[in-house]
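Listed here are the chains, written in short residue letters.
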Amino acid sequence: MIRPFALVIATLTAPPVLAQEPDHAALRERALIVLETQFAAFRDTSADLASRAERHCSKGIPKDVFADQFRATWLAWAPLDAYQFGPIEQCGAVLSIGFWPDKKGYVGRGVKNLLTLPAETLSDPATIAQASAAAQGLPAIEYLLDSDLPVCPAVIGLSANLRVMGQMLYDDWFAPDGWADLARAAGPANPIYLSEAEFTKALFTAVDFGLTRMIDLRLGRPLGTFDRPMPRRAEAHRSGLSLDILDTQLAELSRLIQDGLGDATGPKGPEILAEFDAERAKIDRFDAPLDQLVSDPIGRFRVEGLLSDIQVIHSRLATDLGPALGVKSGFSAADGD
Amino acid sequence: MQFYKSLCLTALLATTASAAYAVDRDAILDNYANIALAGYQDSLTLVQKLKTAVEALAADPSDATLQAAKEAWLSSRVPYQQTEAFRFGNPTVDEWEGKVNAWPLDEGLIDYTEGDTGLNEENPFSTANVIANASFDVAGQTVDASEITPALLESLHELDGIEANVATGYHAIEFLLWGQDLNGTNHGAGERPATDFDTANCTGENCDRRVQYLVAATDLLITDLEDAVANWSAEGQGRADVTADTTQGLVMAFTGMGSLSYGEQAGERMKLGLMLHDPEEEHDCFSDNTHNSHYYDGLGVHNVYTGSYVRVDGSVVSGPSLHDLITDLDPSVASALMNDLNTSVIALGNIRDVAESGMSYDQMIAVDNEAGNALVQTAIDGLVAQTRNIERAVALVGLDGVTIEGSDSLDNPNAVFQ
């Protein structure tokens, strides 16, 4: 799924940006189209997941068919992980949908605690929503699928809770008077965005944050050190989705830059997009899951190469992209430990 | 008619009218570094008192000496937590901090734990129990732990690259003094008996080694805090870093405020625990002192912005502040940020008040405690909100800084983006 380089150039070859502020309102409208597509994809895949969970538990479809949709749902969630502001932040959705990193085995403990509840309550999403965040989301379903524990009926409630979350996040963003309208009403009286540029800053921070999460956590944590790789720290290592998540995130961040930020990215925009494509091509050539790669001397060399290339892209945000957009990255959830 | 001018009133006005300070950026940073220095000096003083209490406990283990040591630990947290606002903006502090305040920890590395409650399937050393084992293997190598010294603890810290292997610092000492809190989200902290330190009537086994560990960890904390004091003294690297480039220094100060408020406190320390409803995810989980930890973090951010810190002896370090600067640049951002910080400190104070009235922080985050959950969420919301105005303040300082360095942007602020 690598876009031809020429197409990227064609889309973004704009006259060099002179001393003018980008058209933040136009940028916002373009970006909201991208975000709406991404939030709608998660809403729809999680709804399908919920119906497949019911069919699986009533013996209608085999576990594999459910598991396929589970993977699709995680990949639909993957790009949203960068948008840790607005509705996702207010719902704590990053923790309840994609709890990770799990530094103290909370997922396993949470799922086991969940299964001590009466079986008849487990298919109710309200039961799940009351549980530990670590036991609510995709990693909890992954843990169940990978274990000898009974998948049903818990997976019905877990999947239904994701459907509820998917719908809620979409509505909170895009229903009338949602976060998108809030962004559209940027100005001195707005509770969040005092100017149009502040929403651009939020998007730019999201790209920065998404790349930071890849560098520090998604690649950095499993790499550990040469003497002590940490394969079990790879996100979604139980389902082997680690690299697919990274690839999807690179693709969707690239889409936000290309289609959303668009010509506001300035003369360096096409180069940055080409680097995203190059990293995706590297991931495509990997011949093993991330947890295996980091444990193998040659494999980790390649993963380290990917990591340092993503660091280069990340540094170009501050030097090339931010100045073109007229914003700097703000604070993000990556600023803590 | 002439108004009578009271001297008391004059003094009052002088202390409250902070905007009366001239906005001298270098002076703001000097005051910032002075507050850091005072905070670490106070932290050191109170950990030295903790050491005295620990020695008394070791010499004569009793409920009274254990209680005195716990109280000394609790006091020592008051100034230290306020220094956390210096952590993220200052590389020297961030690098050092893990030695003294690392959290969360797998306490089974240090000492006995109940049943499998200390077990972390992600950490092979989560039940290594250094106090009970004079030697153990790490990656095929035998570690000689026959004598528990500060050097041994330093070598065990983050053992095998795993952050939860916390062998040193405030929380290791906290665990030794209180023991595990086995009350879940019910009321009550850890209940380690004083006889765990009594070599004559030992409970929990290896009392001599437990005392060794406690003394070594306290000594090491003193050494580390001495380093922090040196870091902010006249020739210290921390002070040099923040005063080398004025604009950069100001951005560092705001970065510390914003990163602590948002990613660390609102996120890692509060939202995570709230959403897991897990008492293990509270910051001072053995002592149930989390409400104070959070409150003094919030107050520390407030101190940095207002350029004022009340020391443990009651004296005040204050001077030209970031608030003065932002007031000068954009009074509406300055007052909005001031209002945000006050709101957060009050929200964190509400948590503290409720905790001190008998509902501890771990009870507040329990799954069925609607009022407690809301109290914590309100403080999180306040911390998130203040971060937005901190960002605006950073933008004001950064832009203005480019201008004073003589760029071509005096007439066209947008030019600095090119």
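Residues numbered from 1 in each chain as written. Chains lettered and ligands numbered in written order. Predicted model: local features only at pLDDT ≥ 70, side-chain atom pairs only at ≥ 80, totals over all residues. Heavy atoms only, no water.

Asks: If you had to explain the overall build of chain A to someone new, which residues and values would you point to?
Replies: Scanning chain A for helices and strands turns up 15 helices and zero strands. For 337 residues, the compact-globule estimate of 2.2 N^0.38 gives 20 Å, and the C-alpha radius of gyration of chain A, at 20 Å, lies within 12% of that figure. In terms of overall dimensions, chain A has a C-alpha envelope of 65 × 50 × 35 Å along the principal axes. Counting over 337 residues, chain A shows a buried share of 59%. Excluding contacts between residues fewer than 6 apart, the proportion of contacts in chain A whose partners are at least 24 apart in sequence is 76%. As displayed, chain A offers around 13100 Å² of accessible surface, 57% of which is attributable to carbon and sulfur atoms. Each charge class in chain A was averaged separately, 32 positive and 45 negative side chains, and the resulting centres sit 5 Å apart. (Helix = DSSP H or I, 4+ residues; strand = E, 2+ residues; numbered from the N terminus. Rg over C-alpha atoms; globule rule 2.2 N^0.38 Å. Buried < 20%, exposed > 50% of the residue type's maximum accessible area, 1.4 Å probe, protein only. Contact = heavy atoms within 4.5 Å. Areas by Shrake-Rupley, 256 points an atom, 1.4 Å probe, with all protein chains shown as cover. Lys, Arg positive; Asp, Glu negative; His and termini not counted. Charge placed at Lys NZ, Arg CZ, Asp CG, Glu CD.)

Asks: Summarise the packing of aromatic side chains; cite the residues concerned and give the values.
Replies: Following the criterion strictly, the structure yields 21 aromatic pairs over all chains and no others. Aromatic rings pair up to connect A:F39, A:Y83, A:F85, A:Y170, A:W173 and A:F174 into one cluster. Over the aromatic face of B:Y170 sits the side chain of B:R77, whose NZ or CZ is 4.9 Å from the ring centroid. The positively charged end of B:R352 is found above the aromatic ring belonging to B:Y295, 3.9 Å away from the centroid. (Phe/Tyr/Trp six-rings, centres within 6.5 Å; stacked < 30°, edge-to-face > 60°. Lys NZ or Arg CZ within 6 Å of the ring centre and 35° of its normal.)

Asks: Any chance you could break down the packing of helix 10 (residues 290-306) of chain B against helix 12 (residues 331-356) of chain B for me, citing the residues and the numbers?
Replies: In helix packing, the relevant descriptors are the interaxial angle and the interaxial distance, both defined with respect to the helix axes. All names here are of chain B. Packing of helix 10 against helix 12 brings their axes to within 9 Å, and their N-to-C directions diverge by 160 degrees. Relative to helix 12, the element helix 10 lies roughly antiparallel. Remark: the crossing between helix 10 and helix 12 carries left-handed chirality. Along its contact with helix 10, which presents H291, N292, H294, Y295, Y296, G298, L299, V301, H302, Y305 and T306, the element helix 12 presents A334, L337, M338, L341, N342, V345, L348, G349, I351, R352, A355 and E356. Taken together, the residues that form the contact of helix 10 with helix 12 break down as 13 nonpolar, eight polar and two charged. (Axes fitted to C-alpha atoms, helices over the stretch in contact; angles between N-to-C directions. Parallel < 35°, antiparallel > 145°, perpendicular 65-115°, else oblique. Left-handed = near helix turned anticlockwise from the far one by under 90°. Nonpolar A, V, L, I, M, F, W, Y, C, P; charged D, E, K, R; others polar.)

Asks: Account for the interface of chain B and chain A, with residues named and values stated.
Replies: If you look at the interface, chain B gives 41 residues, while chain A gives 46 residues. The contact between chain B and chain A buries some 3500 Å² in all, and 48% of this surface belongs to carbon and sulfur atoms. Viewed at the interface, chain A and chain B are joined by six salt bridges. The interface formed by chain B and chain A contains 14 residue pairs in polar contact (both at pLDDT 80 or more). Among the secondary structure elements, those contributing two or more residues to the side of chain B that touches chain A are helix 9 (246-276) and helix 14 (370-404) of chain B. Looking at the side of chain B that touches chain A residue by residue, the class counts come to 14 nonpolar, 11 polar and 16 charged. (Buried area = accessible area lost by both parts, 1.4 Å probe. Salt bridge = Lys/Arg side-chain N within 4 Å of Asp/Glu carboxyl O. Polar contact = N/O pair within 3.5 Å; in protein donor to acceptor, adjacent residues only side chain to side chain.)

Asks: Run through the domain arrangement of chain A, naming residues and quoting values.
Replies: All names here are of chain A. Taken domain by domain, chain A consists of domain 1 (5-28 + 189-335) and domain 2 (32-182). Taking the mean C-alpha position of each, domain 1 and domain 2 sit 24 Å from one another. Note that D81 and R218 form a salt bridge whose closest N and O atoms lie 3.1 Å from each other. For the pair domain 1 and domain 2, the interface holds nine residue pairs in polar contact (both at pLDDT 80 or more). Broken down by secondary-structure element, the contributors of at least two residues to the side of domain 1 that touches domain 2 are helix 11 (196-223) and helix 12 (242-261). (Domains from an automatic or database assignment.)

Asks: Describe in detail the packing of helix 2 (residues 24-57) of chain A against helix 3 (residues 63-77) of chain A, supporting the description with residues and values.
Replies: Residue and element names in this part refer to chain A. Remark: helix 2 packs on helix 3, axes separated minimally by 9 Å, with the N-to-C direction vectors making an angle of 160 degrees. The orientation of helix 2 with respect to helix 3, classified from their angle, is roughly antiparallel. Judged by the twist between their axes, the crossing of helix 2 over helix 3 is left-handed. Judged by residue contacts, Q38, A41, F42, T45, S46, D48, L49, R52, A53 and H56 of helix 2 engage K63, V65, F66, Q69, F70, A72, T73, A76 and W77 from helix 3. Of the residues contributing to the contact of helix 2 with helix 3, the split by class is 10 nonpolar, six polar and three charged.

Asks: Just give me the short version of the confidence of the model for chain A, but keep the residues and values in it.
Replies: A residue-level look at chain A finds 94% of positions with pLDDT of 70 or above and a mean pLDDT of 92. Of the regions scoring below 50 in pLDDT, residues 1-19 of chain A engages in 26 contacts with residues more than four places distant in sequence or in other chains. (pLDDT = per-residue confidence, 0-100.)

Asks: Kindly report on the UniProt feature "domain: Imelysin-like" (unreviewed entry) in chain A, identifying the contributing residues and their values.
Replies: Cross-referencing UniProt, the feature "domain: Imelysin-like" (unreviewed entry) maps to residues 39-313 of chain A in the present numbering. With 66% helix and 0% strand, residues 39-313 of chain A has its two end C-alpha atoms placed 25 Å apart. (UniProt positions renumbered as here; feature names shortened; annotations may be inferred.)

Asks: Mind laying out the nonpolar core, listing which residues take part and the relevant values?
Replies: If you look at the biggest cluster of nonpolar residues, it comprises 115 residues, and the most contacted ones within it are B:Y40, B:L177, B:Y213, B:F254 and B:Y305. Looking at this core, the element that brings in the most residues is helix 2 (residues 25-59) of chain B, giving 15 residues. In this structure B:Y213 touches B:I110, B:V130, B:I131, B:I148, B:L153, B:A167 and B:L176, once residues within four positions along its chain are discounted. Of all hydrophobic cores here, the second largest spans 105 residues; its members include A:L122, A:A131, A:A180 and A:L317. (Core = buried A, V, L, I, M, F, W, Y, C linked by side-chain atoms within 4.5 Å.)

Asks: Before we move on, could you go through the UniProt feature "domain: Imelysin-like" (unreviewed entry) in chain B and cite the residues and values that matter?
Replies: The UniProt feature table records "domain: Imelysin-like" (unreviewed entry) at residues 36-389 of chain B. Within the segment residues 36-389 of chain B, helix and strand shares are 60% and 4% respectively, and the terminal C-alpha atoms sit 23 Å apart.

Asks: Pulling in residues and values, what's your account of the state of the cysteines?
Replies: Going through the model one piece at a time under the given rule, you end up with two disulfides over all chains. Disulfide pairing is shown between A:C57 and A:C152; the S-S distance is 2.0 Å. Of note, the bridge from A:C57 to A:C152 carries an S-S torsion of about -90 degrees and is left-handed in sense. You can see A:C57 sitting in helix 2 and its partner A:C152 sitting in the loop between helix 8 (138-146) and helix 9 (154-174), a full 95 residues away along the chain. On the accessibility criterion, A:C152 (30% relative accessible area) is partly exposed. Note that B:C202 is cross-linked by a disulfide to B:C207, the S-S spacing being 2.0 Å. Classification of the bridge connecting B:C202 and B:C207 rests on its S-S torsion, roughly 90 degrees, and on that basis the disulfide is right-handed. Take B:C202: its relative accessible area is 33%, and that puts it in the partly exposed class. Assessed through its relative accessible area of 2%, B:C207 is described here as buried. (Disulfide = S-S within 2.5 Å.)

Asks: Can you tell me about helix 12 of chain A, naming the residues and giving the values?
Replies: An ideal rise of 1.5 Å per residue puts 28 Å on 20 residues; helix 12 of chain A measures up with 27 Å between its terminal C-alpha atoms. Backbone geometry just after helix 12 of chain A places A:G262 at a positive phi near 55 degrees. (Expected span 1.5 Å × (residues − 1).)

Asks: Which residues make up the pattern of salt bridges, and what values go with them?
Replies: If you walk through the whole model with that rule in mind, you get 41 salt bridges over all chains. Notably, a salt bridge pairs B:R192 with B:D196, separated by 2.8 Å at the nearest N-O pair. Relative accessible area serves as the criterion here: at 6%, B:R192 is assigned to the buried category. Linked by salt bridges that have partners in common, A:R28, A:E29, A:D181, A:R184 and A:E196 make up one network.

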